[in-house]
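# Observations on the model geometry
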Amino acid sequence: MRLSYDEETEAFRAELSAWLDANAPAPADMLEKKTSSAHLPAWAKTWQRTLFDAGWLIPGWPPELGGRNATAAQTLAYMLELERRGLPRSLNPQGIGIIGPSLKQFGTAEQQERWLLPMLKGDATWCLGMSEPNAGSDLAGLRTKGELHADGWHINGQKVWTSGAHDADWCFAFVRTEPDVAKHKGITTFVIDMKSPGVRPRPLPELTSPHFADFNEVFFDDVVVPPENMIGERGQGWAISVGSLGHERGMLWLSAWTRLSGDVDELVRLGVESPALGSDPRYRDAVAAHYVDATAMGALGQLGFAKFVKGEPAPEHMILKLYGSTAAQRLYDTAVQWSGPDAFIAENVAPSHDIHEGSWEDAYLHSFANTIAGGTNEVQRNIIAERVLGLPRG
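Overview of the structure.

What counts, and at which threshold
- The residue numbers shown here count from 1 along each chain, following its written sequence.
- Per-residue local features of the predicted model are confined to residues with pLDDT of at least 70, and side-chain atom pairs are confined, for both listing and counting, to 80 or more; whole-chain, interface and lining totals are unaffected and use all residues.
- With hydrogens and water stripped out, all remaining heavy atoms of the structure feed into the side-chain values.
- Helix and strand assignments come from DSSP, with helices taken as H or I runs of at least 4 residues and strands as E runs of at least 2, each series counted from the N terminus.
- Think of a polar contact as two N or O atoms within 3.5 Å of one another; within protein, one of them needs to be a possible hydrogen donor and the other a possible acceptor, and neighboring residues in sequence only count if both atoms come from side chains.
- Only Phe, Tyr and Trp rings take part, Trp by its six-membered ring, and two of them pair if their centres are within 6.5 Å. Stacked means planes under 30 degrees apart, edge-to-face means over 60, and tilted covers everything else.
- Burial classes follow relative accessibility: with a 1.4 Å probe on protein chains only, a residue under 20% of its type's maximum area counts as buried, one over 50% as exposed, and anything between as partly exposed.
- Following DSSP output, two strands are said to pair if at least two bridges run between them.
- Salt bridges, as used here, are contacts in which a Lys or Arg side-chain nitrogen is within 4 Å of a carboxyl oxygen on Asp or Glu.

## Quick word on the environment of Q337
Looking at where Q337 falls in the secondary structure, it is placed in helix α10 (residues 315-339). Note: C-alpha distance between Q337 and S102 (235 residues apart in sequence) is 42 Å. Among the polar contacts listed, one links the side chain of Q337 to the side chain of D333, at a separation of 2.7 Å.

Right under this line is the structure:
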């Protein structure tokens, strides 16, 4: 998958490609997999620091933050080149992709020095404390509470689906500090040390990935958090949460698109290798439909990305979350139906794609989680209807 770039962007891409040829980790090293999305194997920690030192970790950021002030087009070329090679920027994606940009946007200079730089260098990993048992898609309904005492904020409550919490050093947590105001206005953001007394993460085993225990319940029992660990102003947490999810969806479409496109290529390969399969008009029609899905997703994503990097509203990303998860589920359903027993054969996959073991069956089972993560498809349809199409509430 290659796009046409202007001369300056192509020179940027060529420089990156040459640097990756010389510095990318060896495939044998990358076989050591992470155990959660907040676990960095030794090779991954070294690789992230190498990217940071060379200005290739987040190229759109300034050099002191692991970048080189790249343009939007250059950033897109960078992400596509990494995806093409199966190379991750970091194996702690919620840190680099969600929490890091939020700390950069809302944190003080002291907070960025304390937390952002170690995160970028691979010296600390993070989890995101958003969802709760009764506040998933309705984040504003969260009940974990914070009360200010003489020795700091006391946090009590529970989070759930907190990816990598048992391996993370820090939690970027959203807490209700004003219980008597409108629910969108009483939320404050804190950085919580996961080794603090009273913090109890409990991994939730996954049937589809026994080696990869990522989801956690996290209990906060009278956890004391210093006042200087507050991010932004008291009660500003809702605005920060919206910004955090915006950062997540601003780049999420890219990995979903490249994976979908790669899986379409794999279906084409299966058809070429099996003439009986490739000549079946039903199979050909299904693969063509998936190709259309991937092409449309790429075009829509690039349009939204161009707006996102300019700081403009990007409703395309609201649509892509829904479209991408359902398109992937359709594709994996096709793959399982037409592969027969081969659907259960696992293959080695790159570390950036290790949510499932590599078989079509694993991918199909995990695709149901993707219709929930980052906001359920049902809620996403309501958001699109109200905020994008301007329809009245039902």
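There is more to say after this.
## A look at the packing of aromatic side chains
Applying the stated rule across the entire model yields twelve aromatic pairs. Ring centres of W19 and W56 lie 6.4 Å apart, and the angle between their planes is 40°; on these two criteria the pair is classed as tilted. Linking W19 in helix α1 (residues 7-23) with W56 in the loop between α3 (42-54) and α4 (72-85), this pair joins segments that are 37 residues apart in sequence. What makes W19 buried here is its relative accessible area of 16%. The class of W56 is buried, set by a relative accessible area of 1%. Taking 6.0 Å as the distance between ring centres and 50° as the angle between the ring planes, the aromatic pair formed by Y332 and W360 counts as tilted.

## Considering the pairing of strand β3 (residues 152-160)
As defined by bridge partners, strand β2 (residues 145-149) adjoins β3 across five bridges and the pair is classed as antiparallel. Bridge pairing in β3 links G146 to I155. Two successive antiparallel strands, β2 and β3, enclose a turn made up of two residues. Strand direction decides the pairing type here: β3 and strand β7 (residues 216-225), joined by seven bridges, are antiparallel. For H154, the partnering residue across the bridge sits in β7 and is V224.

## Remarks on the pattern of salt bridges
Per the counting criterion, the structure on display carries 18 salt bridges. With a closest N to O distance of 3.1 Å, R85 and E81 form a salt bridge. You can see R85 and its partner E81 sitting in helix α4, four residues apart, about one turn around the helix. Residue classification places E81 among the buried positions, given a relative accessible area of 2%. Salt bridges here are not isolated pairs; linked through shared partners, they connect E10, R13, D21, E81, R84 and R85.

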